[in-house]
Amino acid sequence: MPLFTTELAQKEMKKRLLYLLLITMLSSVAAFAQKQVKGKIKDAKGTPIVSVNVNLKDKEGNILSFTRTNDKGEYLLSFTEENKDLTVEATIIGYEKKTIGITELTKNYDLILKDTEINLKTVVVKNRPVLTANGDTLNYKTSDFADKQDRTIGDVLKKMPGIVVDENGKVSYNGKSISNLYLDKDNLLDDKYNIATKSIPHGAVEKVQVIQNDQPIKMLRKNNMSDDVALNLVIKDDAKLKMMGDIKAGLGTPDRFDGNINAMMFKKELKFINSLKGNNIGIDPGIDLTSHNMADYLKRFDNNKPSSFLSAGAAGVPTLPQKRSLFNKAGLVNLNNLYKLNPDLQLKANISYLYDQRSQEYNKSSETYLPGQTIRYNEVQNNAINPQKFRAQLNLNNNTEQSYLNNTFIAEYAPNYTNSNVVINGIGANQTLNQKTFDLSNEMSYRKKLKSDDILNFYSFLNRTTQPEILNIRPGLNQDILNNNKPYFGLDQYIKLPTLYTNNFMSFAVVSNKFVQTYKTGFSIQKQDFNSELYRIQNDQTTELVSQSTTNDLDWLKTRAFVEAGYEYTGEKIKAGLFLPFSYNNINYSDPGKSLDKSLDKFFINPSFNFKYQTGIENYISANYNYSNSLGGIDDVYRGTVLKNYRSLFANNAPISESKTHGVGANFNFRKAMQMVFFSLGVNYSATTLNTISSFTLSDNIQQRVVLPLANQAKSLSVNASASKYLFALRSTVNIGTSFSQSRFDQLQNNKLLPFDAQTINYTGGIDSKLTNFMNFSYNGTYTVSNNKSSASNINNKFQQLRQQSSLTFTAFKSVFVNFAAEHIFTHQQNQPNLNYLFADFNVRYKLMKLKTDLEFGITNLANVKKFEAVNLSANSLTSGTYYIPGRVAMLKATFNF
């Protein structure tokens with residue numbers, strides 16, 4: 001009996017142990033899936049405080065969970081992420097903010113908040129912006145510069161001293177263009193940041209940070225030689241917790257519409273800005289896709305291919321803001337998404353599609369002044385243009401202290417169709433232009449830091465492009481040149497230019513305290529095939545080549561092998577770099593039909609040196625010198641004639657163009673952040689020697705260009721200065737600037753070599769002022785003086801233009817915002833009548849707070865100006881054009897914000 005009882009007891013004990021083990025395991029799983037921090041919040045007297053904002057944050061300040069205390073002062077924070085260094089933060093108006101660290105999850109964390117005074121009078125007295133500096137980072141508090149009338153962060157950036165926003169959205173700081181605009185230090189948009197500045201509500205941005213010497217690669221920050229300037233938008237905590245955006249719909253007269261949907265999120269692990277928009281009110285949605293630093297990006301490659309060979313010969317657009325001159329019907333899908341797989345690894349996708357329909361109507365007269373003669377064109381054009389662009393970019397980035405991987409794949413397809421009716425000197429024709437560019441590329445960079453702190457780098461870039469073009473002209477023009485002086489039905493110009501390009505190198509950087517030595521070796525290959533045919537169609541519809549001289553079948557192969565030594569020093573006050581690249585360049589090109597078979601071998605050394613000295617904590621001077629040898633491309637060597645447009649024939653009869661350039665520059669950068677004073681001064685000079693020149697033969701109906709071997713020089717000098725200051729007493733930001741540029745060059749026209757001297761001086765000034773608590777005023781003015789003259793003749797063209805923009809905005813009844821805007825353009829050209837234009841706009845917006853909706857009514861071009869005359873001066877050519885522009889437009893819009 002006792003034995004039997006003992007066995008039962010053992011079995012029961014095992015069951016209980018298994019049960020306890022199961023409960024323990026389930027509890028562990030539950031604890032892993034759901035963790036909690038709880039406690040009570042009281043005042044100094046022990047009274048519970050209701051509705052305290054309680055946030056749970058990690059060591060980087062990211063919010064993991066948030067809540068408010070109940071009527072007993074209790075809070076409960078739940079979270080799932082495994083994380084150390086957690087803190088609980090409690091805030092409420094009337095009490096000091098309190099933060100406490102979390103050490104154990106099993107105990108309560110009670111907080112006692114101290115009373116604090118709310119001195120509204122002090123806030124009013126000290127209502128002045130304050131900038132704070134931390135190393136290379138300057139902080140602007142958004143609320144210091146924002147007004148009730150402002151909508152987006154772009155509206156506020158324009159008011160910040162030291163920061164300038166151009167009409168195309170490009171942002172500069174103290175005279176230098178920014179390299180990136182980060183969102184909480186994440187690079188979502190590269191340099192295509194217009195969509196951010198135009199859509200992110202300024203209320204979602206805590207502060208704007210200017211990062212000087214920006215270096216995004218972590219392993220390179222120790223010996224940082226970067227001279228880039230970037231902006232970082234610090235998003236408010238509450239704006240990171242949800243998706244936000246807006247939906248806008250608008251209708252107007254005559255037959256106008258405008259609509260868009262913007263959605264954005266700025267969480268730690270997911271950031272996106274996605275938009276869908278369309279309109280026919282003259283706003284180009286494609287400006288959101290503008291790459292502001294594309295020119296600097298292309299300089300990294302030796303892949304100089306023509307963007308396009310053919311054109312419709314359009315005169316471009318008038319010197320007006322696009323919203324005043326553009327007839328369009330356009331739509332854009334723009335998707336930008338960034339996923340952080342961990343703090344160092346991210347995947348980014350930027351996908352967009354633009355569809356646009358544009359119309360242009362203008363007439364133009366052009367005069368080219370030559371010794372003893374003047375060539376005149378009178379043209380009338382009606383253009384229907386249909387550009388489209390699809391672009392997909394995928395980026396993988398892994399950025400740690402020990403390794404760096406960045407891989408970017410881009411696919412781009414850009415069809416463009418143009419239909420144009422043209423009359424030149426009384427002769428009419430129709431032309432259609434069809435262009436389809438397809439571009440694939442992949443860029444990969446990998447860096448590895450060794451135990452010795454030395455860095456190994458592998459880089460590879462591969463690009464494939466096709467760009468077929470077809471130009472049809474009906475009826476045939478210039479029959480004396482192209483059809484034995486007989487009338488004919490038309491011309492068809494065909495172009496194909498497939499290009500394959502690759503650039504690869506490896507480098508090794510030896511890091512020794514403040515010195516870095518970098519040794520690089522690599523190669524690049526460019527393979528192109530240029531095919532062109534010009535056909536004429538006779539009146540009996542038979543088709544034939546104009547001649548064998550209007551065909552091209554050119555094979556081009558350019559290879560380059562290079563080695564480079566770089567020596568950099570980074571000290572407390574001095575940064576210096578010397579770079580010595582050596583390259584061997586080989587070019588082979590042949591066209592059997594033109595008995596052309598050439599090759600070229602060149603050894604080049606292109607040294608460069610830069611120096612930067614920190615004269616004070618906030619000020620520095622810099623200088624640079626470079627010597628560069630460069631070779632021309634396939635556009636310089638094809639022999640067959642190409643009909644570029646209805647009045648331009650181009651060909652070549654010269655070797656590959658070579659240029660040698662000496663460039664030197666110096667800059668002084670000054671700031672006093674606490675006083676909000678910014679000043680920059682820059683000087684640049686370059687001298688270039690070339691071995692070829694473009695020879696133009698001009699007549700009243702056509703221009704012909706042939707590249708010829710002839711040594712010539714070009715020199716340029718530019719000086720620019722800008723200053724910005726916030727006037728505390730006037731609550732105003734003032735900007736002034738001036739620039740001077742001079743260039744000397746030669747032109748060969750109608751067998752006459754003409755040396756030219758061109759000078760341009762610009763003066764700019766602006767103010768953005770808060771007149772009262774409910775009224776703002778802004779003004780911007782630009783005065784330009786240009787003078788082109790030739791020492792070989794009496795050619796002397798002078799041009800002056802004054803452009804002014806102003807706006808007055810005020811708030812009425814707290815929720816009503818009224819804006820009056822005006823733009824004045826005055827142009828004076830010698831021997832021409834003065835041009836004077838005044839445009840005015842009106843806008844009123846009513847904000848429905850409870851419905852989160854804005855109702856807006858606006859009228860643009862109140863004076864109903866429908867024609868605009870513009871003058872363009874270049875060297876010995878004066879062009880005056882009359883453009884038909886949209887007249888008065890009235891719009892009613894509703895915008896819902898979420």
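Because the structure is a prediction, the values reported are computed rather than measured.

A. Highlighting the overall build of the protein. A tally of regular secondary structure across the protein gives 8 helices and 49 strands. In terms of its C-alpha atoms, the protein occupies a principal-axis envelope of roughly 125 × 70 × 60 Å. Summarising the internal contacts of the protein: among those between residues at least 6 apart in sequence, 64% fall at separations of at least 24. Accessible area of the protein: about 44,400 Å², with a carbon and sulfur share of 57%. Counting 103 positive and 80 negative side-chain charges, the protein places the centres of these two groups 4 Å from one another.

B. Examining a nonpolar patch on the surface more closely. A cluster of nonpolar side chains, contributed by I247, I261, L276, V333, L335, I351, Y353, F390, Y413, F438 and F896, occupies part of the molecular surface with about 860 Å² of accessible area. Of all the secondary structure elements, the ones that give two or more residues to the nonpolar patch are strand 19 (327–342) and strand 20 (345–370). Secondary-structure assignment places F896 in strand 49 (residues 889–897). Taking the relative accessible area as the measure of exposure, F896 reaches 36% and is therefore partly exposed.

C. Highlighting the sheet that holds strand 6 (residues 98–101). Reading across the sheet, the 4 strands line up as 3-2-5-6 and stay open at both edges, with antiparallel pairing between neighbours. At either margin of the open sheet sits one strand with a lone partner, and together these are strand 3 (63–68) and strand 6. Direction aside, neighbouring strands of the sheet carry axes that sit 20° apart on average. In the sheet, strand 2 (residues 53–57) pairs with strand 5 (residues 87–91) via 5 bridges, with the strands oriented antiparallel. Each residue of the ladder has a partner; that of V54, found in strand 5, is A90.

D. Representation of the environment of K329. On the secondary structure map, K329 appears in strand 19. It is 34 Å that separates the C-alpha atoms of K329 and H828, two residues lying 499 residues apart in sequence. Residues contacting K329, with those up to four places away along its chain left out, are F257, N279, N280, Y355, D356 and Q357.

E. Inspection of the confidence of the model for the protein at higher detail. When pLDDT is averaged along the protein, the result is 89; 94% of the residues meet or exceed 70. Across the protein, the element-wise mean pLDDT spans from 33 in helix 2 (residues 120–125) up to 97 in strand 18 (residues 270–279). Counting contacts from residues 17–33, a segment whose pLDDT is below 50, to residues more than four positions away or on other chains yields 4 contacts. Predicted confidence is poor over residues 118–126, with pLDDT under 50, and the contacts of this stretch with residues over four places away or in other chains come to 2 contacts.

F. Focus on the side chain of S807. Among the structural elements, S807 can be located in strand 43 (residues 796–812). Under the relative-accessibility criterion, S807 is labelled buried at 19%. Among the polar contacts listed, one links the side chain of S807 to the side chain of S778, at a separation of 2.7 Å.

G. The pairing of strand 40 (residues 732–749), seen in detail. Sheet analysis places strand 38 (residues 677–698) next to strand 40, joined by 2 bridges and oriented parallel. Within strand 40, the residue paired with S695 across the bridge is L748. Relative to strand 40, strand 39 (residues 703–727) is paired through 13 bridges, and the arrangement is antiparallel. Directly across from V719, in strand 40, lies its bridge partner F740. Between strand 39 and strand 40, which pair antiparallel in sequence order, lie 4 residues; one of them, R731, sits at a positive phi of approximately 50°.

Definitions and limits used
Residues numbered from 1 in each chain as written. Predicted model: local features only at pLDDT ≥ 70, side-chain atom pairs only at ≥ 80, totals over all residues. Heavy atoms only, no water. Helix = DSSP H or I, 4+ residues; strand = E, 2+ residues; numbered from the N terminus. Contact = heavy atoms within 4.5 Å. Areas by Shrake-Rupley, 256 points an atom, 1.4 Å probe, with all protein chains shown as cover. Lys, Arg positive; Asp, Glu negative; His and termini not counted. Charge placed at Lys NZ, Arg CZ, Asp CG, Glu CD. Patch = residues over 30% accessible without salt bridge, like charges linked within 9 Å, V, L, I, M, F, W, Y side chains within 5 Å. Salt bridge = Lys/Arg side-chain N within 4 Å of Asp/Glu carboxyl O. Buried < 20%, exposed > 50% of the residue type's maximum accessible area, 1.4 Å probe, protein only. Pairing = 2+ DSSP bridges. Axes fitted to C-alpha atoms, helices over the stretch in contact; angles between N-to-C directions. pLDDT = per-residue confidence, 0-100. Polar contact = N/O pair within 3.5 Å; in protein donor to acceptor, adjacent residues only side chain to side chain.

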